[in-house]
Amino acid sequence: MNEYTICVMPGDGIGPEIMVQGLKALKVIEERNDVTFNLREGAFGATAWFETGKSFPDETVQLCDQADAILKGTIGVSHEASKQIPVDEQPERGGLLPMRKRYDTFANFRPVYLSPGLRHFSPLKPEIIGDGIDIMIIRELVGGIYFGSKEVGTNEQGLRYAREVLEYDERLIKRTVVSAFDAAMKRSRKLHNIHKSNVLKSSILWTDIIEETAPDYPGVEVRHMLVDAAATALCLNPGQFDVMVMENMFGDILSDQAGGILGSLGLMPSACLGPEKAYYEPSHGSAPDIAGKNIANPYSMIGSVAMMLDMSFNMREEAKNLWRAMESVFAAGYSTPDLSRPGTDIVLVSTEEFGDRVVAALEQG
Ligand code: NAD
Ligand code: IPM
Ligand code: MN
């Protein structure tokens, strides 16, 4: 019997609604395997700040420290509501980034996947989509401009200024690059290095390290692409990409764009892996515009559960079953409203019904 402790942090906005669906699926898997998942719920995000004065309260830190894995919903509140919280204590700066740093979760895997049967969800034309989309974006998650020194003030000319530093050392780059080459070996052995070496020295260092690492992986074909060109290429020819690796901020932006070519951010789960601890979260935010309406797409959360089963608990078969169950719900014509397009024949379901249908498919499969 395997026993795992999971710190569950539903968070803000749609986080709690989609978390419920992820946990329903996890329960099915627990019941039919020789495994126990001890779930420990922790307050996190703006909800936690309003309750306790901290976005990442000490009790939650302890639960995370003790957990085998962390399952996180979404955090963040509307621009207006954010103003009630001091800038450095807001859930992004005061909760999420400190958590990433604490567990050193440097390798952020963001799968961008649309099977041939689900091509109609994409806003791209069928001839561009081809056989569907299957990309793995690997985003460095604990370095770069997000974590460099920051300064705001007034300069000698009396002008307000802000200064933030984009810094990487070779160790930080190397470990992410190695994760990307390893991932490429397990997939189709094609790796795109996404960079901005024509301007940024950090990108020159990043690209040097890719080239120094490449001889250790002779079977992997490496291509270099400037990040701005990559943004266009994702729209015009996504089929050329398999594994894409990039620094923190490039990865933030391009992974949301990748959600766009799938048809919704609700199709973007993720895994954030560190040397000792991993956490799993949707790539998107708390979607304040649809929170509380029971219409959010829970795929990103349920997919994050599947990634946790695979990457933290070595339950690969059940992870596959979970992906398959979600796919079958879409294939049967059901979807949450984010994926509905004029002219397509989709039966709209709520967040909860989508989750129920995934559970039913999982129980049958
Ligand atoms: P967002 O990702 O929350 O939403 C962007 C758009 O995508 C919205 O129209 C939203 O309704 C839609 N969307 C997102 N997820 C969806 C889902 N599962 N189903 C259906 N539609 C979905 O981005 P935003 O509105 O710019 O940010 C809102 C808050 O979320 C901000 O406070 C931001 O900092 C935070 N945020 C948190 C995370 C995280 O927890 N990792 C990630 C991104 C943004
Ligand atoms: C993401 C989010 C976060 C980021 C924010 C909420 C700090 O946008 O996970 O993509 O920028 O990394
Ligand atoms: Mn983002």
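Residues numbered from 1 in each chain as written. Chains lettered and ligands numbered in written order. Predicted model: local features only at pLDDT ≥ 70, side-chain atom pairs only at ≥ 80, totals over all residues. Heavy atoms only, no water.

## Looking at the domain arrangement of the chain
Working step 1: Here the chain is described as being made up of domain 1 (1–105 + 274–365) and domain 2 (116–263).
Working step 2: Summarising the inter-unit geometry, the C-alpha centres of domain 1 and domain 2 are found 24 Å apart.
Working step 3: Every contact between the two is made by 16 residues of domain 1 and, on the other side, 13 residues of domain 2.
Working step 4: Carbon and sulfur atoms make up 62% of the surface buried where domain 1 meets domain 2, a total of about 1300 Å² over both sides. (Domains from an automatic or database assignment. Contact = heavy atoms within 4.5 Å. Buried area = accessible area lost by both parts, 1.4 Å probe.)

## Observations regarding the site of ligand 2
Working step 1: Taken together, E92, L96, R100, R110, R139, Y146, D252 and S283 are the residues near ligand 2.
Working step 2: With respect to ligand 2, the side chain of Y146 contributes an N or O atom lying 2.5 Å from an oxygen atom.
Working step 3: Contact between ligand 2 and D252: an oxygen atom at 2.9 Å from a side-chain N or O atom of the residue.
Working step 4: Here ligand 2 loses 78% of its free accessible area of 320 Å² to cover by the protein chains.
Working step 5: Its atoms largely coinciding with the cavity grid, ligand 2 occupies the second largest pocket. (Near = heavy atom within 4 Å. Polar contact = N/O pair within 3.5 Å; in protein donor to acceptor, adjacent residues only side chain to side chain. Areas by Shrake-Rupley, 256 points an atom, 1.4 Å probe, with all protein chains shown as cover. 1 Å grid on protein atoms, 1.4 Å probe; cavity = no way out; pocket = protein on both sides within 12 Å on 5 of 7 lines; lining within 4 Å. Sits in = over half its atoms within 2 Å of the grid points.)

## A short note on the sheet that holds strand β8 (residues 190–195)
Working step 1: The strand order across the open sheet formed by ten strands is β2-β1-β3-β12-β11-β4-β5-β10-β8-β9, and the pairing between neighbours is mixed. Edge positions in the sheet fall to β2 (35–41) and β9 (221–226), since each has one partner strand and no second. Taken pair by pair, the neighbouring strands of this sheet meet at an average axis angle of 25°, ignoring direction.
Working step 2: Across eight bridges, strand β4 (residues 107–114) lies against strand β5 (residues 133–140) in antiparallel orientation. Bridge pairing links N108 to R139 in β5.
Working step 3: Across the face of the sheet, helix α7 (residues 170–186) comes into contact with β4, β5, β8, β9 and β10 (243–246) while running at roughly 160° to β5.
Working step 4: On top of the sheet, helix α9 (residues 227–236) reaches β5, β8, β9 and β10; it is set at about 105° to β9, its chief contact. (Pairing = 2+ DSSP bridges. Helix = DSSP H or I, 4+ residues; strand = E, 2+ residues; numbered from the N terminus. Axes fitted to C-alpha atoms, helices over the stretch in contact; angles between N-to-C directions.)

## Describing the packing of helix α1 (residues 15–31) against helix α11 (residues 299–311)
Working step 1: Across the interface, α1 lies against α11 with an axial gap of 8 Å and an inter-helix angle of 40°. Relative to α11, the element α1 lies oblique. Considering how the two elements wind past one another, α1 and α11 form a crossing that is right-handed. Two secondary-structure elements touch here, α1 through I18, M19, Q21, G22, A25, L26 and I29 and α11 through S300, M301, I302, V305, M308 and L309. (Parallel < 35°, antiparallel > 145°, perpendicular 65-115°, else oblique. Left-handed = near helix turned anticlockwise from the far one by under 90°.)

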